[in-house]
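Architecture at a glance
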Amino acid sequence: MTASPETPRTDRPAAEDRPLFGTLLTAMITVFAEDGSVDLDGTVGVAQQLVDDGCDGLVVCGTTGEYSTMTDEENLSVFRAVKDALGGRVPLLAGTGSNDTEHSRHLSREAEKIGMDGLLIVTPYYNKPTQAGVEAHFRSLADSVDLPIMLYDIPGRTGIPLEPETLISLAAHPNIVAVKDAKADLFAATRVLAETDLLYYSGDDGLTLPWMAIGAAGLIGVTTHVATARYRELVDAVRAGDLATARRINFELEPVVRATMTRAPGAVAAKTILTWQGRLPHPTVRLPHVPLTPAEAALVRADLEGSVLAGTLLETID
């Protein structure tokens, strides 16, 4: 990993040129102590380095933050800690989604009180409501707060997609302003982009280039923990119209995405790699996540060693 600069980066897009939530966001991990308790100082340290290395936005307590294994008070304590440390530097989105509308409403209102800049709310999982139910869920939540909301469309985890018609209808709500898409249907998204003002963000690290090519504002990634500065260069190259540079960087990042996103859940792999890099003392996760097995760790290590970026990604590993 390229060392974090001594002073914050100054080459991010100017505020007037940057979409509402930024262009390069990390769905950041929550750091746990070895006993499994929340390590607020460690979590803030990760957040600060991500911003110093090029992120112009963060998602706090999303899926990679293991929010669903944390109590409400733990989630809120992380919101407060990151807000206190980084509020005003970059937009901070609070993950407040749930399959229970009232639970999500409670977390969303509390996040608003804390001063978070926006909410990331996932499609209700497990219940498998109809599209009418999904729309009613999001409208009810959007009516409950005065914060901008990003919808999270990830049917691989929730069991249901957000259909284009549902997104087009929801886009009329003034508080619903963006979508994090992790269903990889670029054709469906093209229709939504053409018919609404919704900001789209790639929710698939490996599809950042094609997503931005059709009009996405940027990426909300997990691999961005591992190669933040390189993703900053990729996003900036696409925004500048330099597709030759963007393609080259995209190829360079492919084995890094493979290491972080395909061998184990992203939270598990990212924490392991950050530990190898000396940025975390240990890769503690909460059940039902478990640490990488030796075989999985060997695959992750081989992926990273096969990258042309290996010299910087693995420079701190013995």
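The model shown is predicted, which means the values in this text are computed figures rather than measured ones.

Time to look at the layout of surface pockets. In this structure, the largest pocket spans a volume of roughly 670 Å³. Surrounding the largest pocket, 37 residues form its lining, T63, T64, Y152, I154 and R157 being those nearest its centre. If you list the elements that add at least two residues to the lining of the largest pocket, you get β4 (118-122), α5 (155-158), β8 (218-221) and α11 (266-276). Looking at the lining of the largest pocket, its residues break down into 17 nonpolar, 14 polar and 6 charged.

Under the criterion given, the structure shown has 20 salt bridges. What you see here is one network of salt bridges that share partners, running through R230, E233, R248 and E252.

Before going further, it helps to examine the sheet that holds strand β6 (residues 176-181). The 8 strands lie next to each other as β1-β2-β3-β4-β5-β6-β7-β8, forming a closed barrel whose pairing is parallel. Strand-to-strand twist of the sheet, defined as the mean angle between neighbouring strand axes without regard to direction, takes the value 25°. Summarising the sheet, strand β1 (residues 24-27) and β8 pair through 3 bridges and their orientation is parallel. Bridge pairing in β8 links L25 to I220. Packing of helix α2 (residues 72-86) onto the sheet brings it into contact with β2 (57-60) and β3 (92-95), and relative to β3 it is tilted by some 180°.

In this section: the packing of aromatic side chains. Tallying each qualifying case throughout the model produces 1 aromatic pair. Considering the side-chain rings of Y200 and W211, the 5.7 Å spacing of their centres and the 20° angle between planes classify their relative orientation as stacked. Within this pair, whereas Y200 is found in strand β7 (residues 199-202), its partner W211 is found in helix α8 (residues 208-213), the two being separated by 11 residues in sequence. Note on W211: relative accessible area 0%, which makes it buried.

Next up on the list: the UniProt feature "binding site: pyruvate" (unreviewed entry) in the protein. If you check UniProt for "binding site: pyruvate" (unreviewed entry), the listed places come out as T64 and I220 in our numbering. Annotated residues spanning 157 residues; largest pairwise C-alpha distance 11.0 Å, indicating a single compact cluster. Within this annotated set, the largest pocket is lined by T64 and I220. Along the polypeptide, T64 turns up in the loop between β2 and α2. The residues contacting T64, other than those within four sequence positions of it, are A27, M28, I29, T30, V222, H225, G266 and A267. On the secondary structure map, I220 appears in strand β8. What makes I220 buried here is its relative accessible area of 1%.

The rules we used
Residues numbered from 1 in each chain as written. Predicted model: local features only at pLDDT ≥ 70, side-chain atom pairs only at ≥ 80, totals over all residues. Heavy atoms only, no water. 1 Å grid on protein atoms, 1.4 Å probe; cavity = no way out; pocket = protein on both sides within 12 Å on 5 of 7 lines; lining within 4 Å. Points joined across faces, edges and corners; volume = space filled by probe spheres on them. Helix = DSSP H or I, 4+ residues; strand = E, 2+ residues; numbered from the N terminus. Nonpolar A, V, L, I, M, F, W, Y, C, P; charged D, E, K, R; others polar. Salt bridge = Lys/Arg side-chain N within 4 Å of Asp/Glu carboxyl O. Pairing = 2+ DSSP bridges. Axes fitted to C-alpha atoms, helices over the stretch in contact; angles between N-to-C directions. Contact = heavy atoms within 4.5 Å. Phe/Tyr/Trp six-rings, centres within 6.5 Å; stacked < 30°, edge-to-face > 60°. Buried < 20%, exposed > 50% of the residue type's maximum accessible area, 1.4 Å probe, protein only. UniProt positions renumbered as here; feature names shortened; annotations may be inferred.

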